[in-house]
Amino acid sequence: MTTPAASWLPLSPGERAVAIEVLVHGPLSRSEIARRLNLSAGSLTRLTKPLIESGLLIEAGGSGEEAAVRQGRPSQPLDIVAESRAFIGFKITGDRVYGVVTTLRSDIVARHDRPLTTHDPAEVADLLGEMTEEFTHAFPAPAGIGIGVGGRAEKRAVVVESAFLGWSDVPLAELVGERTGLPVVVENDVAALVEAETWFGAGRGLDRFAVLTIGAGIGYGLVLGGRRVPSPEDGRGIGRRWLVNPQGPLTPEGERGSAVSLLTIPSIRYQVRAATGQDATYEEILARAAAGDPLSARVVDEAARALGVLVAQIANFAMPQKILLAGEGVGLVDVAGRVVEETVLAHRHPLADSVDLETKVSDFHDWARGAAVLAIQVLVLGSADE
């Protein structure tokens, strides 16, 4: 991964369209690329030539030297040289920073995490700079950095608000860029995860796709026409206003019956602690519920019913081809999956198609990968979706 990004940027709009098509759906034959993009054979040849010469594309099945010899053969499918560029992705939580290095196709090739001992923006940027320097020892000349933050981001540069970090109007991209000398993209972490799953994961090739995340909070993202639907509500804590059961339990903040009060890990732990006077980890609560402990089972079943209602509501109104359930809280489905399924059915029309619900156990390095995908999209291929 030593090819400098400057050797192939900027891409023209036509080159970018070809590169994205091959990146997301490749390898593809020239005829298939031309059909997908409505291009003539001559136009496609003109657009692919500089991409091959720069090393961004290769004819599948051979080395760069072999591909150059076969450049004129239309039967050879084109593919991205995924290992030719490296990208760094970071996920910032309240107490830790998780980092990854990925290929151009978002495969994680290195990962690292460090404790976050302060929320001071300058010191957090210092830490990201140090982690970037560590990564570049093994992966020199990365093309850029993506950063995912729980909260609202504007212009993919400024953290407008983050309750987890206590930030307001922090120019994080500028701060990290000054320390690393690299282009930086900042985005809401759920939005970044949705982009990664749309291009390289569960939503690849789908026209309508939804992502629901459960963990410290509730996250939701929708894809229509193969593109994420941006919203001013991204990062505003949608789960706090997503009412599931008006008679449901309270959160420490006094909210009753919302998705947050029923389904998030802190709320589930709070309910058990309030009832027993003892603290327990999320994993311990799930294990006790699976073993038949009545209190734990009641709390977990309530959470499962809340999840079933959310899934049914998404299916009823967005009509996605698939719903991906992700986040550190998805272990709930392993313990109470039957309750989730029964609740979904109870809130769907009897003749409705079954919901394609896929679960993905995500650690915070997966969230960091999502941020790296934002760097791939924005910094490399020029995707300006907001």
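One can find the structure itself at the top, above this paragraph.
The present account deals with the structure reproduced in this document. (Residues numbered from 1 in each chain as written. Predicted model: local features only at pLDDT ≥ 70, side-chain atom pairs only at ≥ 80, totals over all residues. Heavy atoms only, no water.)

### Looking at the packing of helix α9 (residues 265-276) against helix α11 (residues 294-318)
Here is step 1 of the chain: Following both chains from N to C, one finds α9 and α11 inclined at 150°, their axes separated by 10 Å at the closest point. Comparing the axis directions of α9 and α11 gives the class roughly antiparallel. The interaxial crossing formed by α9 with α11 has right-handed handedness. The residues of α11 that touch α9, namely those facing Ile268, Gln271, Val272, Ala275 and Thr276, are Leu295, Val299, Glu302 and Ala303.
Here is step 2 of the chain: Counted by class, the contact of α9 with α11 contains six nonpolar, two polar and one charged residues. (Axes fitted to C-alpha atoms, helices over the stretch in contact; angles between N-to-C directions. Helix = DSSP H or I, 4+ residues; strand = E, 2+ residues; numbered from the N terminus. Parallel < 35°, antiparallel > 145°, perpendicular 65-115°, else oblique. Left-handed = near helix turned anticlockwise from the far one by under 90°. Contact = heavy atoms within 4.5 Å. Nonpolar A, V, L, I, M, F, W, Y, C, P; charged D, E, K, R; others polar.)

### Some remarks on the pairing of strand β3 (residues 87-92)
Here is step 1 of the chain: Within β3, six of the six residues are buried, which leaves the element mostly enclosed by the surrounding structure.
Here is step 2 of the chain: Residues of β3 alternate between two faces, with Phe87, Gly89 and Lys91 on one and Ile88, Phe90 and Ile92 on the opposite face, all of them buried.
Here is step 3 of the chain: The antiparallel hairpin formed by β3 and strand β4 (residues 96-102) contains three residues in its connecting segment. (Buried < 20%, exposed > 50% of the residue type's maximum accessible area, 1.4 Å probe, protein only. Pairing = 2+ DSSP bridges.)

### Some details on the packing of helix α10 (residues 282-290) against α11
Here is step 1 of the chain: Interaxial distance between α10 and α11 falls to 7 Å at its minimum, and their mutual angle equals 105°. Of the possible angle classes, the one that applies to α10 and α11 is roughly perpendicular. Across the interface between the two elements, Ile285, Leu286, Arg288 and Ala289 from α10 touch Ser296, Ala297 and Val300 from α11.
Here is step 2 of the chain: Taken together, the residues of the contact of α10 with α11 sort by class into five nonpolar, one polar and one charged.

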